[in-house]
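A look at the structure
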Amino acid sequence: MNKTNTVAFIDLKTQLETIRPNIDGAIKKVLDHGHFIMGPEVVEFEKDLSAFTHMPHVISCSNGTDAITIALMALDVGPGDAVFVPSFTFISTAEVVALRGATPVFVDIDLRTYTMCPISLERSIHHAKKLGLNLKGIISVDLFGQPSDHDKINELAKAHKLWTIVDGAQSFGATYKGKSTFAYGLIGTTSFFPAKPLGGYGDGGAIFTQDSELADAMKSIRLHGQGKVRYETSRLGLTGRIDTLQAAILIEKLKIFAHEMKLRNKVAAHYSAALKDVATVPFVPEHGGSVWAQYTLRITNRDHVRDHLNQQGIPAVVYYPHPLHTQAPYREFPRDPEGLKVTDHCAKEVISLPMHPYLTEDVQNRIIEGVRGAV
């Protein structure tokens with residue numbers, strides 16, 4: 001394999017070349033004014049995020065994991081509490097629940113969207129009640145940039161007096177019935193890790209809510225539980241700030257994000273049209289809009305296809321080969337009493353292709369030909 005002919009799985013270099021003068025200018029501005037912690041760009045970035053998502057309260061923070069942690073702290077989640085999470089996701093979703101001393105209860109996923117299955121969620125809720133747990137809330141995950149079935153999840157939440165957190169670490173920009181998916185949770189969270197659709201050049205995250213009291217609590221938690229004045233502590237907190245430099249960089253990236261979303265959708269449409277006869281291509285519900293954090297196929301001979309593509313310099317990645325309920329720290333936690341059959345099945349078949357706004361048509365065709373040849 002010729003390394004110079006290797007396809008980029010996520011191409012941050014081309015993006016940087018497109019906006020380099022703006023990025024350099026933003027960094028210089030921060031270096032010149034010297035307010036590296038909670039500088040003016042942090043406030044500006046939060047305002048920009050609010051305008052983009054139409055969410056009234058935005059709290060920027062250090063990363064996507066801390067975003068959920070801060071949310072759980074504000075909601076007073078602790079020992080004896082049950083929080084329902086999918087098993088088919090990145091570790092952070094369940095990790096933060098367990099670190100609070102609470103019990104993650106694993107829920108199966110929908111076969112088409114890979115997001116939380118409402119039918120499995122209902123079974124899991126009844127199971128957790130029988131176990132004597134204090135039912136607290138639901139964390140749905142908009143996986144791969146796809147929106148969950150938020151209406152059905154919220155119907156169950158309302159029926160059982162649970163709150164919902166929308167874990168949008170992979171789905172900033174995704175929509176459900178014309179609105180940001182964050183609007184469908186009491187709290188929404190996201191990540192600005194470099195590989196995300198809106199990614200910085202380091203760690204970063206944000207929290208979204210329509211509840212002003214929760215917003216105030218989370219702002220306090222983000223800064224060591226600070227009260228109304230400096231060095232006054234009103235609650236337990238942590239160090240959860242985003243750096244001013246990252247905020248400045250993300251301000252510039254957000255300016256081109258809507259255009260990049262269109263390009264991502266164009267790539268996804270090309271992939272699907274060319275591969276639908278040889279693999280199970282992603283399903284986007286009529287009421288949903290994906291931001292395509294990943295373009296994920298299901299193929300029965302997945303490992304052969306991955307090896308074949310990698311040999312041709314085409315990176316293909318498996319998210320996630322080991323669901324959370326199968327991993328050592330989480331094996332003893334409760335789950336849907338009928339099992340997580342869809343999760344286990346998908347873990348053996350999913351494979352993600354290169355996805356970013358700067359994939360040329362020639363490169364897309366090369367990837368398509370590689371998949372078709374392998375299948």
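Above: the structure in question.
Rules used throughout
Residues numbered from 1 in each chain as written. Predicted model: local features only at pLDDT ≥ 70, side-chain atom pairs only at ≥ 80, totals over all residues. Heavy atoms only, no water. Pairing = 2+ DSSP bridges. Helix = DSSP H or I, 4+ residues; strand = E, 2+ residues; numbered from the N terminus. Buried < 20%, exposed > 50% of the residue type's maximum accessible area, 1.4 Å probe, protein only. Right-handed = clockwise from strand over helix to strand, strands pointing away. Salt bridge = Lys/Arg side-chain N within 4 Å of Asp/Glu carboxyl O. 1 Å grid on protein atoms, 1.4 Å probe; cavity = no way out; pocket = protein on both sides within 12 Å on 5 of 7 lines; lining within 4 Å. Points joined across faces, edges and corners; volume = space filled by probe spheres on them. Phe/Tyr/Trp six-rings, centres within 6.5 Å; stacked < 30°, edge-to-face > 60°. Lys NZ or Arg CZ within 6 Å of the ring centre and 35° of its normal. Polar contact = N/O pair within 3.5 Å; in protein donor to acceptor, adjacent residues only side chain to side chain. Contact = heavy atoms within 4.5 Å. Nonpolar A, V, L, I, M, F, W, Y, C, P; charged D, E, K, R; others polar. Patch = residues over 30% accessible without salt bridge, like charges linked within 9 Å, V, L, I, M, F, W, Y side chains within 5 Å. Areas by Shrake-Rupley, 256 points an atom, 1.4 Å probe, with all protein chains shown as cover.

**Observations concerning the sheet that holds strand β6 (residues 175-176)**
Strand order in the open sheet formed by three strands is β7-β6-β10, with antiparallel pairing between adjacent strands. Unpaired on one side and paired on the other, β7 (179-180) and β10 (288-289) mark the two borders of the sheet. Bridge analysis of β6 against β10 gives two bridges, and the strand direction is antiparallel. By the bridge assignment, Thr 175 is partnered in β10 with Gly 289.

**What about the pairing of strand β5 (residues 163-167)?**
β5 sits mainly inside the fold: five of its five residues count as buried. The alternating pattern of β5 places Trp 163, Ile 165 and Asp 167 and Thr 164 and Val 166 on opposite faces, both of which are buried. Across five bridges, strand β4 (residues 134-141) lies against β5 in parallel orientation. Within β5, the position partnered with Val 141 by the bridge is Asp 167. Taken together, β4, helix α6 (residues 150-159) and β5 constitute a β-α-β crossover, and its handedness is right-handed.

**Points about the pattern of salt bridges**
Under the definition given, this model contains 12 salt bridges. Salt-bridge contacts for Glu 46 lead to Arg 222; the nearest nitrogen and oxygen are separated by 3.0 Å. Pair noted here: Glu 46 is in helix α2 (residues 40-53) and Arg 222 is in helix α7 (residues 212-222), with a separation of 176 residues, a long-range link. Given the relative accessible area of 14%, Glu 46 is considered buried. On the basis of relative accessible area, Arg 222 is assigned to the buried category, the value being 8%. Between Lys 136 and Asp 81 there is a salt bridge, with its nearest N and O atoms 3.1 Å apart.

**Re the layout of surface pockets**
If you add up the space inside the largest pocket, you get close to 470 Å³. Along the walls of the largest pocket sit 26 residues, with Phe 90, Ala 169, Ser 191, Phe 193 and Lys 196 positioned nearest its centre. Elements that contribute at least two residues to the lining of the largest pocket include exactly α3 (64-74) and α4 (92-99). With three residues, α3 is the single largest residue contributor to the lining of the largest pocket.

**What to know about the packing of aromatic side chains**
The final tally for this structure, using the stated rule, is 18 aromatic pairs. Centre to centre, the rings of Phe 172 and Phe 257 are 5.4 Å apart; their planes meet at 45°, and the pair counts as tilted. Within this pair, whereas Phe 172 is found in the loop between β5 and β6, its partner Phe 257 is found in helix α9 (residues 257-275), the two being separated by 85 residues in sequence. A relative accessible area of 0% means that Phe 257 is categorised as buried. These aromatic residues form a ring-pair network of at least three members: Phe 45, Phe 52, Phe 172, Phe 182, Phe 192, Phe 208 and Phe 257. We note Arg 112 situated over the ring of Phe 283; from NZ or CZ to the ring centre the distance is 4.0 Å.

**Considerations on the side chain of Ser 148**
Mapped onto the elements of the fold, Ser 148 is located in the loop between β4 and α6. A relative accessible area of 1% places Ser 148 in the buried class. Here the side chain of Ser 148 touches Val 141 through a polar contact of 3.2 Å, landing on its backbone oxygen. For Ser 148, the residues in contact, after removing those within four places along its chain, are Thr 115, Ser 140, Val 141, Asp 142, Ile 153 and Tyr 176.

**Side note on empty space enclosed by the protein**
The gaps left among the atoms become clear once a water-sized probe is rolled over them. One pass over the full model with this rule turns up two cavities of 30 Å³ or more. Empty space within the largest cavity amounts to approximately 100 Å³. Leu 12, Gln 15, Lys 196, Pro 197 and Arg 264 are the residues nearest the centre of the largest cavity, which is lined by 14 residues in total. Where the lining of the largest cavity is concerned, the elements lending two or more residues are α1 (12-33) and α9. Looking at the lining of the largest cavity residue by residue, the classes come out as six nonpolar, three polar and five charged. What the second largest cavity holds in volume is close to 40 Å³. Looking at the second largest cavity, the residues that line it are Tyr 114, Phe 144, Gln 146, Pro 282, Trp 292, Gln 294 and Thr 296. The residue inventory of the lining of the second largest cavity, partitioned by class, reads four nonpolar, three polar and no charged.

**Digging into a nonpolar patch on the surface**
A cluster of nonpolar residues, Leu 31, Phe 36, Ile 37 and Met 38, forms a patch on the protein surface that exposes about 370 Å² of accessible area. Mapping Met 38 onto the fold places it in the loop between α1 and α2.

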